[in-house]
Structure formats: structure tokens, C-alpha cells
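Residues per chain, in single letters:
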Amino acid sequence: MTSTTAPEAPAAAGQPAAHSEVELLIGGMTCASCAARVEKKLNRMEGVTATVNYATEKARVTYPPGVEVADLITTVVKTGYTAEEPAPPRQDAEESASARDPETAALRTRLIVSALLALPVVLMAMIPRLQFDHWQWLSLTLAAPVVVWGAAPFHRAAGTNLRHGAATMDTLVSVGTLAAFGWSLWALFLGDAGEPGMRHPFELTVSRADGASAIYLEVAAGVTAFILLGRYLEARSKRRAGAALRALMELGAKDVTVLREGREVRVPAERLAVGDRFVVRPGEKVATDGTVVEGSSAVDASMLTGESVPVDVTVGDTVTGATVNAGGRLVVEATRIGADTQLARMAKLVEDAQTGKAQVQRLADRIAGVFVPVVLLIAAATFGLWLGNTGDTVAAFTAAVAVLIIACPCALGLATPTALMVGTGRGAQLGILIKGPEVLESTRRVDTVVLDKTGTVTTGRMSLRAVHAAEGTDDEELLRLAGALEHASEHPVARAVAAGAEERVGALPRAEHFENVPGRGVRGRVEGREVAVGRLSEVFGELPPELARAKEDAERAGHTAVVAGWDGVARGVLAVADTVKETSAEAVRELRALGLTPVLLTGDNRAVAEAVARTVGIDEDRVIAEVLPEDKADVVRRLQQEGRSVAMVGDGVNDAAALAVADLGLSLGTGTDAAIEAGDLTLVRGDLRVAADAIRLSRRTLSTIKGNLVWAFGYNVAALPLAAAGLLNPMIAGAAMAFSSVFVVTNSLRLRSFH
């Protein structure tokens with residue numbers, strides 16, 4: 001059950017009663033106008049406020065006491081669509097995807113079969129040399145399954161719209177194809193078109209007396225195949241709408257080792273209860289939010305908090321579900337489970353962001369909302385005027401069919417998906433994945449780009465940045481001894497020191513009597529000396545001025561500083577930090593060149609953030625640091641409330657909600673699945689410079705789509721009067737319609753040359 005109700009405290013007189021909220025899955029919508037109709041009907045119910053999202057096929061409805069969920073579903077069904085409540089979060093995340101796969105597969109099968117059958121029909125009609133004796137009967141045999149079975153979804157939708165007094169693009173497709181097919185059947189069985197030796201010349205002249213010998217099977221079959229192509233490409237894009245939520249839910253641990261009466265028992269993570277104690281071994285995910293009751297370790301929370309340095313935890317510290325144990329064995333007591341966990345709350349943020357109302361509806365559907373009924377009226381008026389003026393039923397019907405066919409929105413339906421297909425194909429070659437046409441409209445308005453730090457501007461990997469040896473100690477000796485001791489530790493800072501030491505001085509000696517002091521550092525014996533590395537002030541005492549100054553300078557620069565020494569004396573300071581990507585500074589310059597203002601957003605402390613900002617060329621007043629995961633989306637919303645159009649670039653799960661709520665989300669392909677699915681554009685190579693290329697390509701693709709729509713609609717507007725005047729017979733109309741489609745596809749192919 002996904003409905004939620006505010007607490008029902010006794011209301012004072014005159015105060016409104018508590019409202020409830022429910023999310024419904026809406027089925028049967030084929031265009032944005034369908035979503036608008038459902039939303040309009042729901043909002044007409046007293047006290048009901050509804051938002052319907054066509055892309056996610058969901059409705060979020062707030063309703064007052066006295067209204068039941070069943071009433072809402074009934075209203076949607078009466079509008080001509082289906083509605084149901086989603087399954088519980090985990091089940092919905094894992095099962096709804098597989099439930100929709102057959103729908104996309106069925107549409108793909110319908111497209112392939114229809115295209116294979118329609119191709120020879122179109123070729124025989126347009127190329128007279130292919131027309132052998134009785135060719136028209138072969139065309140009928142091939143075209144009939146396309147019109148009856150291939151176009152069945154359009155016919156069903158048109159019938160549903162008719163029962164509810166509405167008209168959409170489905171209506172025009174259905175009427176146009178059935179009219180062309182019906183006319184062809186009449187000409188074949190009752191006219192002259194079925195006679196042996198009949199030929200179908202491709203002529204530019206208009207004849208009002210040859211209606212009984214003309215067939216238009218290629219128009220009926222070709223239009224169906226083209227529109228199915230557009231629908232399939234659209235369905236594939238919509239299919240990914242809920243993937244961010246699934247990726248978030250799948251991030252959590254699936255199984256967990258629970259302590260039962262002193263024994264370790266492996267159980268599914270869903271069976272955990274508050275108060276249960278469970279074991280987290282090195283490398284395993286923490287199953288749920290809890291408190292450490294035994295052991296100490298370093299926990300990598302970068303996928304949730306953005307912190308580049310793993311956090312040391314020991315008894316009494318809290319840990320978060322889905323974080324990774326990077327060190328020793330832990331025993332954790334569960335304090336929050338299910339929907340109360342931080343991971344679940346983040347999933348809810350992503351879901352809320354994705355269910356929000358799209359700011360811009362598809363241009364083709366908005367045009368079709370007015371265009372379709374107008375075309376139907378023009379066709380009916382054309383038939384009436386011709387019949388009244390000439391008394392020739394064949395001429396009247398021929399002109400009316402020409403109007404329907406010339407207006408068939410094939411090019412209108414192809415304008416968006418073909419440009420998107422070519423644009424995304426070219427983008428893939430450049431390391432850019434564009435998720436859908438609605439995304440592109442945001443790129444034109446974006447004026448601010450928010451950059452996540454860890455894993456986006458930086459590599460997300462710690463490295464040794466500086467070595468400050470005390471007087472009388474050389475760097476090589478300091479690195480050899482400290483590196484040998486750190487080599488025995490699994491802590492990320494230790495690994496960075498050991499790797500840096502090996503790179504600079506070569507092979508390291510072996511450490512003996514290694515001891516980990518939780519949260520403080522490590523100690524042991526190396527080459528007969530008692531070596532310690534970390535924050536062991538009780539061992540080293542007060543640092544010499546030069547080392548104290550080096551430590552302060554390193555921390556001011558945003559580095560993690562550790563002290564190394566032996567025999568009770570501090571010998572040096574080692575500075576470790578996340579590494580800024582070599583291309584980040586250039587990427588920031590390119591983003592500025594596009595007119596964007598860069599903002600750095602991170603969960604790290606301000607000193608680290610400002611140091612990175614200086615390195616890549618971001619103004620310090622544009623640095624937002626120490627931000628919790630759930631606050632990242634709020635930062636984006638705050639910038640939007642200031643009147644900015646915001647693009648967000650990130651790679652971690654902690655960025656997923658912000659990516660979803662931003663006007664434009666760009667996720668690095670080197671990041672997590674949740675971030676990739678929540679983003680609108682994915683940068684496969686993980687190179688921040690590609691963000692600028694992505695915005696340029698998106699703007700170019702959007703421009704192509706709009707050019708296609710202007711051409712397709714303009715073509716219809718110009719050709720309709722010619723068809724109504726009898727200057728175009730249906731065959732010429734079919735050829736003109738095909739040319740319009742070819743033009744749109746050719747214009748889209750120009751995107752292949754994008755650099």
C-alpha cells in the first residue's frame with residue numbers, strides 16, 4: 001500500500017480534515033494529451049489534487065476524507081485508461097521492470113513484422129517495373145496483416161477515444177490507414193483494380209475518374225510501419241523511467257549474517273528486525289542502519305555521503321545501510337529497517353523527483369491535440385463539398401482520402417524519435433548517452449552547472465601528495481619505514497601512503513608486531529625500530545614547530561595529514577588527498593564558455609572543497625560543502641528557486657536525488673547505477689569535459705527535432721488545401737507523405753557529423 005495519511009488528530013471546528021496521498025500506475029496512455037485528460041478528470045473530483053506524469057506512467061493524487069482510492073481508480077477507468085496501486089517498493093523495483101518487458105518486446109515484434117511486410121508493398125506501388133500480373137493481390141496479402149494486426153493498437157486507442165469523445169494522433173492514424181485500406185478493398189473487389197495486368201503508374205497528374213482502379217495499400221501499410229517505429233523508440237525511452245529507484249533498492253545488501261543464540265545464521269536482509277545483531281565482514285555491505293557493538297574498522301560511505309576518506313568506526317558509532325566495510329570485522333545492532341533507513345529515504349527522494357510534473361510537454365502531441373480534429377473536419381467537409389458540387393462519389397471520396405493521407409502524421413511522429421536516435425548514436429561514439437527527447441529541452445535554458453566533487457571533479461582515489469621530513473631525517477627513510485607499516489593496513493589512507501612510498505623508494509621492508517589503534521593510527525616494528533603512523537599524539541607528544549606548521553598547511557589545503565615517526569619521536573608529516581582529474585580544469589573552462597556558472601557541491605569539509613575549487617578554477621563563493629545526502633536535492637531546489645536553470649553532474653548514489661530533481665542531470669558512467677539511471681545524460685567515459693560536449697550535442701539535437709516538427713507540420717498545412725481542392729490524388733498524397741518522412745529522416749542524419 002503506497003497511500004499515506006496525515007495523523008488524524010481531532011480537528012478543531014473549521015479546520016480542514018487530514019488529506020491522504022496515493023500513487024497510481026496509469027495504463028493505456030499513448031501521448032501527453034492522454035496524461036492531460038486523466039489529470040483533468042481527477043482534478044474535477046471535489047478536494048482532489050492530481051499530477052499525472054506521462055513519462056513514468058504514474059499519477060500522484062492527494063484526496064480528502066470521504067474519497068476512496070477505488071473512487072480515483074474508477075474515475076481513471078471511466079476516462080478510458082487503467083489504474084492500479086504499485087506493489088511495495090522492493091517488489092515494485094524488482095518485479096515491475098520484468099512485468100513491462102513483454103510489452104516492449106511485443107511492440108518490437110509488431111514493428112519488425114509490419115516493416116518486413118510493408119517494404120515490398122511500398123516498393124511495388126512506387127516502382128512500376130516491379131508490378132507483375134496480379135501484383136495487386138500480393139500487395140493485399142502482405143498489407144492486410146499490417147493494417148489489421150500491426151495497427152491494432154492504434155485502432156483500439158482510436159475506438160476508446162471515440163467512446164469518450166476525444167481524438168488523438170491514434171485517431172488520425174487509424175482513420176487514415178483504414179480509409180486507404182477500405183478504399184483499396186473496394187477498388188479491388190468492386191472496381192477495376194483487381195483485373196489482371198493492372199498497373200499503378202507513378203504520375204504527378206490528377207485524374208478524377210480513376211478512383212475505381214487505384215489502390216492505396218502502400219500508404220496504409222507504410223504509415224503503420226513508420227508510426228510503430230516511433231512508438232517503439234518512445235517505449236524504450238520510457239522503459240527506463242523507474243530504473244533509478246530499482247538501482248537504489250538493489251544497492252542494499254541482499255543477505256546478512258545474523259547472530260542467533262551465539263550462532264551465525266545467514267538470512268535475507270528483509271527479515272532483519274530492530275534490535276537484531278548482525279556481522280559485517282571486511283568487504284561486505286552493511287545490511288541496514290545500526291550501531292556498532294563490537295569491533296572497529298573503516299567504513300567506505302562514499303556512495304552515500306560523498307566523503308572521499310572512509311570513516312573510522314568503533315563501538316558506539318553509527319553506520320548506514322549499503323555502506324561498505326573496508327577494514328575489520330564488525331558486529332552491528334540494527335536501529336532502523338525498511339522504509340526508515342537512509343537508503344530508503346533517498347529512494348523516496350528519487351521517486352518524488354521523477355514523479356513530478358514535466359515542465360514541457362512534447363511538441364508533437366500538443367500540435368496533434370488541435371491538428372487531429374481539424375483534419376477530420378476538413379476531410380468530411382471535402383467529401384461533402386465535392387459530392388454537392390460534382391455529384392461524383394468516387395471523386396469526392398478520392399479527395400477526402402487524399403486529405404486524410406496527406407495529413408497522416410507520419411513525419412510528425414518521426415520528427416522526435418529519428419533525431420533522437422541519430423543524436424544518441426552519435427553521442428554514444430563520443431561517450432554521451434541521451435535518455436529521451438524531454439531531456440533536450442532543458443539544455444537550452446540551463447545557466448548553472450552543479451558539480452559533485454568526489455568521483456566527478458576528482459578521481460575518488462586517495463594518493464600521497466606531499467612528504468615533510470623533520471630535520472635530520474631524509475624523505476627516503478621516512479617513506480620506507482612509514483610505507484612498510486602502512487602496507488600492512490587495509491585503511492584507504494594507509495594504502496595511499498604505501499602505494500606512494502613504493503612508487504618513490506621501491507620495495508618496502510616487512511613490518512612485524514603490527515597493531516591497529518582504532519581511530520588513531522597503526523604501530524609496529526620495522527627494521528628493528530618501533531614505528532608509528534597516524535594521529536598518535538600520546539606517542540609523539542607535541543610536534544616540533546616545523547612539523548606542526550607542515551601539518552597545519554596540509555590540512556588548510558584540504559589534505560589528510562598523518563604523522564610518522566619511530567622510537568617515540570615524530571620524524572615527518574605525510575599529506576594524503578583525493579586527486580583532481582587532469583581534465584577537470586579544462587572542463588570547467590569549457591562549461592563557462594557555454595555560458596554556465598559552475599558550482600562545486602560536496603559532502604567533504606570546506607577546506608578540502610575550496611582547495612579543489614581553486615585547482616579547477618571555480619570561485620570560492622560558488623562552493624557548497626559539508627552537505628548531507630538528502631540535502632543535495634534541496635541545494636538544487638534552492639538554486640532553482642533563485643531563478644536558475646540547473647544542470648547537475650554527479651556519479652554517486654548520494655547524487656541520485658539531486659540528478660533527478662535538477663533541470664538537467666548529467667551522470668558519470670564510472671559512477672553507480674543509481675546515479676546513471678537518475679541522470680538525463682550519462683557521460684560514459686567519466687571525463688568531465690564530455691559534459692560540455694553533451695550539452696552542445698543535446699542543444700543541436702533539440703534544434704533538429706524542432707526543425708523536423710516545423711517541417712512536418714508546415715508540410716501538412718501547405719498540402720491540405722491542395723488535397724482538398726482535388727489537386728492531389730491519394731497516390732500523390734502518399735508519395736508526398738513519404739517524401740516528408742524521408743526529409744525528416746535525412747535532416748536527422750545530419751547529426752552524424754556532429755563534432
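Residues numbered from 1 in each chain as written. Predicted model: local features only at pLDDT ≥ 70, side-chain atom pairs only at ≥ 80, totals over all residues. Heavy atoms only, no water.

A count of helices and strands for the protein chain gives 26 helices and 27 strands. The 755 residues of the protein chain split such that 53% are buried. Contacts in the protein chain between residues at least 24 apart in sequence constitute 70% of all its contacts with a sequence separation of at least 6. For the protein chain, the accessible surface area stands at approximately 32,000 Å², while carbon and sulfur atoms represent 55% of it. (Helix = DSSP H or I, 4+ residues; strand = E, 2+ residues; numbered from the N terminus. Buried < 20%, exposed > 50% of the residue type's maximum accessible area, 1.4 Å probe, protein only. Contact = heavy atoms within 4.5 Å. Areas by Shrake-Rupley, 256 points an atom, 1.4 Å probe, with all protein chains shown as cover.)

Taken in spatial order, the 7 strands make up an open sheet running β15-β27-β26-β25-β16-β23-β24, and their pairing is mixed. Where the open sheet ends on each side, the last strands, each with one partner, are β15 (432-434) and β24 (623-624). Relative to strand β26 (residues 664-668), strand β25 (residues 646-650) runs parallel, the two being bridged by 4 bridges. Looking at the pairing, valine 649 lines up with leucine 666 of β26. (Pairing = 2+ DSSP bridges.)

Our focus in this paragraph is the sheet that holds strand β7 (residues 263-268). Pairing is antiparallel across the open sheet formed by 6 strands, whose spatial order is β7-β6-β8-β14-β9-β12. The two strands at the open ends of the sheet, each matched to only one other strand, are β7 and β12 (318-319). Where strand β6 (residues 255-260) lies against strand β8 (residues 277-280), 2 bridges are found, and the strand directions are antiparallel. In the sheet register, valine 258 faces β8, and the bridge partner there is phenylalanine 278.

With that settled, consider the packing of helix α20 (residues 584-593) against helix α25 (residues 689-724). Interhelical geometry of α20 versus α25 gives an angle of 25° and a closest axis separation of 7 Å. With respect to α25, the axis of α20 lies roughly parallel. Here Glu586, Ala587, Glu590 and Leu591 of α20 come into contact with α25, specifically with Arg689, Ala691, Ala692, Ile695 and Arg696. In terms of residue class, the contact of α20 with α25 is built from 5 nonpolar, no polar and 4 charged. (Axes fitted to C-alpha atoms, helices over the stretch in contact; angles between N-to-C directions. Parallel < 35°, antiparallel > 145°, perpendicular 65-115°, else oblique. Nonpolar A, V, L, I, M, F, W, Y, C, P; charged D, E, K, R; others polar.)

Moving on, we come to the UniProt feature "transmembrane region" (unreviewed entry) in the protein chain. On the UniProt side, "transmembrane region" (unreviewed entry) is annotated at positions that read residues 111-128, 134-152, 172-191, 211-230, 367-388, 394-416, 708-725 and 731-749 here. End C-alpha to end C-alpha, residues 134-152 measures 27 Å, and it is 89% helix and 0% strand. Here residues 708-725 is 94% helix and 0% strand, with 26 Å between the C-alpha atoms at its ends. (UniProt positions renumbered as here; feature names shortened; annotations may be inferred.)

With that settled, consider the pattern of salt bridges. When the charged atoms of two side chains with opposite charge come close together, those side chains can pair. All chains considered together, the criterion is met by 24 salt bridges. Taking the shortest distance from any N to any O, the salt bridge between glutamate 21 and arginine 60 comes out at 4.0 Å. One end of the pair, glutamate 21, is in strand β2 (residues 20-27); the other, arginine 60, is in strand β4 (residues 58-63), with 39 residues separating them in the sequence. Classification of glutamate 21 as partly exposed rests on a relative accessible area of 28%. Here arginine 60 falls in the buried class, since its relative accessible area comes to 17%. Connected through salt bridges with shared partners, the residues Glu21, Glu23, Lys58 and Arg60 form a single ionic network. (Salt bridge = Lys/Arg side-chain N within 4 Å of Asp/Glu carboxyl O.)

Okay, the packing of aromatic side chains next. The final tally for this structure, using the stated rule, is 3 aromatic pairs. In textbook terms, an aromatic cluster arises when at least three aromatic residues are bridged by ring pairs, as seen for Trp183, Trp186 and Tyr216. Note that arginine 110 overlies the ring of tryptophan 149, its terminal NZ or CZ placed 4.8 Å from the centroid. (Phe/Tyr/Trp six-rings, centres within 6.5 Å; stacked < 30°, edge-to-face > 60°. Lys NZ or Arg CZ within 6 Å of the ring centre and 35° of its normal.)

Every α-helix carries 3.6 residues per turn, so stepping three or four residues along brings you back to the same face. Along its 12 residues, helix α19 (residues 545-556) runs 16 Å from first to last C-alpha, staying within 8% of the 16 Å computed at 1.5 Å per residue. Taken together, the buried positions of α19 are Leu547, Ala550 and Ala554. Buried residues of α19, viewed axially, fall in a sector of 60°; they line one side. The exposed residues of α19 that point more than 90 degrees off its buried face are Pro545 and Arg556. Contacts made by the buried residues of α19 are with β17 (458-469), β21 (560-566) and β22 (569-580). A positive phi of about 90° marks glycine 558, the residue just after α19. (Expected span 1.5 Å × (residues − 1). Arc of directions from axis to C-beta.)

Turning to the packing of helix α16 (residues 475-486) against helix α17 (residues 492-505), a few remarks are in order. Their axes nearest at 8 Å, the elements α16 and α17 cross at an angle of 135°. Overall, the two elements α16 and α17 adopt an arrangement that is oblique. When the axes of α16 and α17 are compared, the crossing they make is left-handed. Across from Glu476, Leu479, Arg480, Gly483 and Glu486 in α16, the residues of α17 making contact are Ala494, Val497, Ala498, Ala501, Arg504 and Val505. A class-by-class count of the residues in the contact of α16 with α17 yields 6 nonpolar, 1 polar and 4 charged. (Left-handed = near helix turned anticlockwise from the far one by under 90°.)

A few words now on unusual backbone geometry. Positive phi values are uncommon outside glycine, yet alanine 322 reaches one of about 85°. The residue alanine 322 is located in the loop between β12 and β13 (324-325) in this model. Look at glutamate 626: it is not a glycine, yet its phi comes out positive at around 55°. Secondary-structure assignment places glutamate 626 in the loop between β24 and α22 (629-641). A relative accessible area of 55% means that glutamate 626 is categorised as exposed.

Where nonpolar side chains cluster on the molecular surface, the patch consists of Leu119, Leu123, Ile127 and Leu130 and spans about 330 Å² of accessible area. You can see leucine 123 is positioned in helix α3 (residues 89-126). (Patch = residues over 30% accessible without salt bridge, like charges linked within 9 Å, V, L, I, M, F, W, Y side chains within 5 Å.)

Let us look at α16. Taking 1.5 Å per residue as the helical rise, α16 with its 12 residues ought to reach 16 Å, and the 16 Å between its terminal C-alpha atoms agrees with that figure. Where burial is concerned, most of α16 is hidden: 9 out of the 12 residues are buried. Within the span of α16, buried status applies to Glu477, Leu478, Leu479, Leu481, Ala482, Gly483, Ala484, Leu485 and Glu486.

With that settled, the discussion passes to the nonpolar core. Core analysis: the largest hydrophobic core is formed by 51 residues, its most contacted members being Ile215, Leu217, Val375, Ile406 and Leu720. Those elements that provide at least two residues to this core are α3, α4 (135-150), α6 (169-189), α7 (217-239), α11 (363-390), α12 (393-406) and α25. Looking at this core, the element that brings in the most residues is α7, giving 9 residues. Not counting residues up to four positions away in its chain, the partners in contact with isoleucine 215 are Trp135, Gln136, Ser184, Ala187, Leu188, Ala193, Met198 and His200. With 47 residues, the next largest nonpolar core counts Leu430, Ala587, Ala694 and Leu751 among its residues. (Core = buried A, V, L, I, M, F, W, Y, C linked by side-chain atoms within 4.5 Å.)

What follows is about the environment of leucine 600. Its location among the elements puts leucine 600 in strand β23 (residues 597-601). Sequence separation of leucine 600 and alanine 613 is 13 residues, and the distance between their C-alpha atoms is 7.0 Å. Among all residues touching leucine 600, those that are not within four sequence positions of it are Leu451, Lys453, Val457, Ala609, Val612, Ala613, Ile618, Arg622, Val623 and Ile624.

To continue, consider the pairing of β8. As defined by bridge partners, β8 adjoins strand β14 (residues 330-336) across 4 bridges and the pair is classed as antiparallel. Bridged to valine 279 within β14 is valine 331.

Scored by pLDDT, the protein chain has a mean of 79; 79% of the residues are at 70 or more. For the protein chain, strand β1 (residues 4-5) is the element with the lowest average pLDDT, namely 43, and α4 is the one with the highest, namely 95. When the criterion is pLDDT under 50, residues 1-16 qualifies, and its contacts beyond four places in sequence or with other chains add up to 19 contacts. (pLDDT = per-residue confidence, 0-100.)

When you tally the buried positions in β25, you get 5 out of 5 residues, the bulk of the element. Residues Val646, Met648 and Gly650 line one face of β25 and the alternating positions Ala647 and Val649 line the opposite face, and both faces are buried.

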